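Geometric and topological summary
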Amino acid sequence: MRRLVFLIALLFAASARANQLSVDARTMRMNDLATVQIVLEGSYAEVEAVSPPLENLAIVGEPWVSTEFAWINGKVVRRKTFRYRARPIADGPARVGPLALRVENESITLAAVDVEIQPDRAISSNDAESVLRDLIANGRDLLFVVAEKDRESVYVGEPVTVTWFLYNAAAVQQWQVVGVPKLPDFWVEELAKSENMERMYVGDVLMQRVPIRRVALFPLRSGRLRVEGMTLQAAVMRRGSRRGPFSIFEGEIAETTFTSAPIEVDAKPIPPGAPVDAVGDLALTCAMPVQKNGGPVVVAVTLSGVGNLRAATPPHFDRAVAGNVQLEGGDVTLPREDASFGMARRWRFLLFPSSPGMFEVPPLSTRVFVPATGERRELRCGASFVNALTAHVPEAPHAESATQAPSQPRQWPWIAAALFIAALLFVPRLRRERALRNEARAIVRDATPAEIRARMQERVKIAINEPSERGDAWRALLSLLDAAERERDIAVGAEKEIERRVLEVLRT
């Protein structure tokens, strides 16, 4: 009799699990993880993947999926279970579901589950000692993230460096960043970070500290700008209460998460006055003009220093040039040094003199705003001169002299050979450049910033922190796409700028 009652209870329990959405916690703190479970039975178990709707929650990692077969009421029933790990985004109400499923001619809707996210004092401060005290008081794992900025107030366009540090005094098996803050109010430059771990005392506790991300943020507007926290997930070994020589090998692996406290940056507007071409502590250098083989006169110009040079306009001549002017370049380089931050942007002016002889390159200048002094400054390169040569075209010989002149060996075979070699060298490059330009136009044409980002991620397969020129170009493109996606009033011609940066990524 007892066995019969037990079997009936099992059958009822098994049937109760059919087509169910559940959450193991109805009340959570900001640094807790919840398990979302979806059980599907019968024909619904044929679904390959499900994506539960979430409000104020985010999925962490990949789902765990299992399939089983059960004997219920004399029939073999297939059951599939999906388990997700979810973390809170902000304190307040949260919800999982409702989840609508449809298989062939059948449909079902799994009811939603409401969850309450309680505020957590530990993530309200970026003071390491204060966070540690709260974790110890609540008996939680001694693992947390804090954000540090190098200055409190900056001008619009002036960089503020933010570094996120991981503090650890727990037995961490592995960890990963699962939530990176979106920065719609900033232009972002990823900086190199030191991988060296340091040991330091926080209060009376010896902890390990390692930087996990370092960025230079350039405010795009004035006001009190907010930088949200970074979320970390880790697997921590929690020791048991047993004592003995083998206790260090015993325990259980538990998942934990931590979100750093947000920080705010006070961005001041640039004082009224004459328009400026760039913001920062910058220097302008100009190389001496050079002309080779009767080609254009080339003037290399570099604007370098601490400032957002990607938004800088090229220097301009103080007066008209006696000839045609073309501008190329504009590439930005970012030194891979952890101690300091600086950028450099290089242009090349191609000057085509209208007549041979002594050619003057007029002075070059650019106007910058220097945040350290709060004043405008004009950077200049003085005038320079070069003896410009042009290719000499020989006059055609007269008919009489041509008949009397001794026969000369024909030059056209050599000319044809030179043209053939030049075609072999340059035609493939021209074709590749044309193909890249067409591809960049196709990626940008009639596409939203999110669609452009998705197309480029599929095309280039590049990591966000890749330490290369391609990584710099990729991060610059992402910064502009983020600003455009937030419907910001960016400068006129943003579509052309996006296309140019897409082309720059494809070239590298």
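Residues numbered from 1 in each chain as written. Predicted model: local features only at pLDDT ≥ 70, side-chain atom pairs only at ≥ 80, totals over all residues. Heavy atoms only, no water.

Time to look at the overall build of the chain. Tallying secondary structure elements over the chain gives 7 helices and 31 strands in all. The burial tally for the chain puts 41% of its 508 residues in the buried class. Long-range contacts, defined here as pairs at least 24 residues apart, represent 69% of the contacts in the chain between residues at least 6 apart. A total accessible area of about 29,500 Å² is found for the chain, and carbon and sulfur atoms account for 53% of it. (Helix = DSSP H or I, 4+ residues; strand = E, 2+ residues; numbered from the N terminus. Buried < 20%, exposed > 50% of the residue type's maximum accessible area, 1.4 Å probe, protein only. Contact = heavy atoms within 4.5 Å. Areas by Shrake-Rupley, 256 points an atom, 1.4 Å probe, with all protein chains shown as cover.)

What follows covers the state of the cysteines. Here a disulfide denotes one covalent bond, and it connects the sulfur atoms of two cysteines. Going through the model one piece at a time under the given rule, you end up with 1 disulfide. One disulfide in the model links C286 with C381; its S-S distance is 2.1 Å. Across the S-S bond of C286 and C381 the torsion is about 85°, and the bridge reads as right-handed. Of this pair, C286 sits in strand β22 (residues 278-286) while C381 sits in strand β30 (residues 375-381), placing them 95 residues apart in sequence. (Disulfide = S-S within 2.5 Å.)

With respect to topology, 4 strands assemble into an open sheet ordered β2-β10-β7-β4, the strand pairing being mixed. Looking along the sheet, the strands with just one partner apiece sit at the ends: β2 (27-29) and β4 (54-55). Sheet analysis places β2 next to strand β10 (residues 113-118), joined by 3 bridges and oriented parallel. By the bridge assignment for β10, R29 is matched with Q118. (Pairing = 2+ DSSP bridges.)

Moving on, we get to the nonpolar core. Among the nonpolar cores identified, the biggest contains 36 residues, and F144, W164, Y167, F186, L217 and V227 are the most heavily contacted of them. Contributions of two or more residues to this core are made by α2 (128-137), β11 (143-149), β13 (160-168), β15 (186-190), β17 (205-219), β18 (223-227), β19 (231-238) and β21 (263-268). Per element, the largest residue contribution to this core is 6 residues, and it comes from β13. (Core = buried A, V, L, I, M, F, W, Y, C linked by side-chain atoms within 4.5 Å.)

So, on to the environment of E190. In this fold, E190 is placed in strand β15. Considered as a pair, E190 and G471 are 281 residues apart in the sequence and their alpha carbons are 9.1 Å apart. Of the polar contacts made by the side chain of E190, one reaches the side chain of R213; its length is 2.5 Å. (Polar contact = N/O pair within 3.5 Å; in protein donor to acceptor, adjacent residues only side chain to side chain.)

Below, the discussion takes up the pattern of salt bridges. For the structure shown, the criterion picks out 21 salt bridges. Members of the salt-bridge network, linked through shared partners, are E41, E68 and R79. (Salt bridge = Lys/Arg side-chain N within 4 Å of Asp/Glu carboxyl O.)

Evaluated as defined, the whole model comprises 4 aromatic pairs. Judged by centre distance (5.0 Å) and plane angle (75°), the rings of Y155 and F369 are edge-to-face. Here Y155 is found in strand β12 (residues 153-155), whereas its partner F369 is found in strand β29 (residues 364-370), with 214 residues between them in sequence. Linked through ring pairs, F144, Y167 and F258 together constitute an aromatic cluster. Directly above the ring of F165 sits R209, whose terminal nitrogen or CZ lies 4.0 Å from the centroid. The lysine or arginine in question, K268, covers the ring of Y155, its NZ or CZ lying 4.3 Å from the ring centre. (Phe/Tyr/Trp six-rings, centres within 6.5 Å; stacked < 30°, edge-to-face > 60°. Lys NZ or Arg CZ within 6 Å of the ring centre and 35° of its normal.)

What follows covers the sheet that holds β18. With respect to topology, 3 strands assemble into an open sheet ordered β12-β21-β18, the strand pairing being mixed. The open sheet has two edge strands, β12 and β18, and neither has a second partner. Geometrically, the sheet is characterised by an average inter-axis angle of 35° between neighbouring strands, direction not taken into account. Here β18 pairs with β21 via 5 bridges, running antiparallel. Pairing of V227 across the sheet is with I263, part of β21. (Axes fitted to C-alpha atoms, helices over the stretch in contact; angles between N-to-C directions.)

Before going further, it helps to examine α2. Among all positions of α2, only A128, S130, V131, L132, D134 and L135 are buried. Buried residues along α2 sit against β11, β13, β16 (198-202), β17 and β20 (252-259). One or two steps after α2, the chain reaches G139, where phi turns positive at roughly 65°.

Together, W175, V177 and V180 give the surface a local cluster of nonpolar side chains, amounting to about 260 Å² of exposed area. Counting through the fold element by element, V177 comes out in strand β14 (residues 171-179). (Patch = residues over 30% accessible without salt bridge, like charges linked within 9 Å, V, L, I, M, F, W, Y side chains within 5 Å.)

Tracing the chain through its elements places S260 in the loop between β20 and β21. With a relative accessible area of 3%, S260 lands in the buried category. There is a polar contact of 2.9 Å between the side chain of S260 and the backbone nitrogen of M230.

Moving on, we come to the pairing of strand β8 (residues 99-103). What you see with β8 is a clean split: L99, L101 and V103 sit on the buried side and A100 and R102 on the side with no burial. Note: β8 against strand β9 (residues 106-110), 5 bridges, orientation antiparallel. Opposite V103, over in β9, you have E106 as the bridge partner.

Here the focus is the confidence of the model for the chain. Low-pLDDT portions of the prediction should not be read for the details of their coordinates. Residues with a pLDDT of 70 or more make up 80% of the chain, whose mean pLDDT is 79. β29 holds the highest mean pLDDT among the elements of the chain, 93, whereas helix α3 (residues 399-404) holds the lowest, 40. Of the regions scoring below 50 in pLDDT, residues 4-16 engages in 6 contacts with residues more than four places distant in sequence or in other chains. A low-confidence stretch, residues 391-409 stays under pLDDT 50, and its non-local contacts, those more than four residues away or across chains, total 0 contacts. (pLDDT = per-residue confidence, 0-100.)

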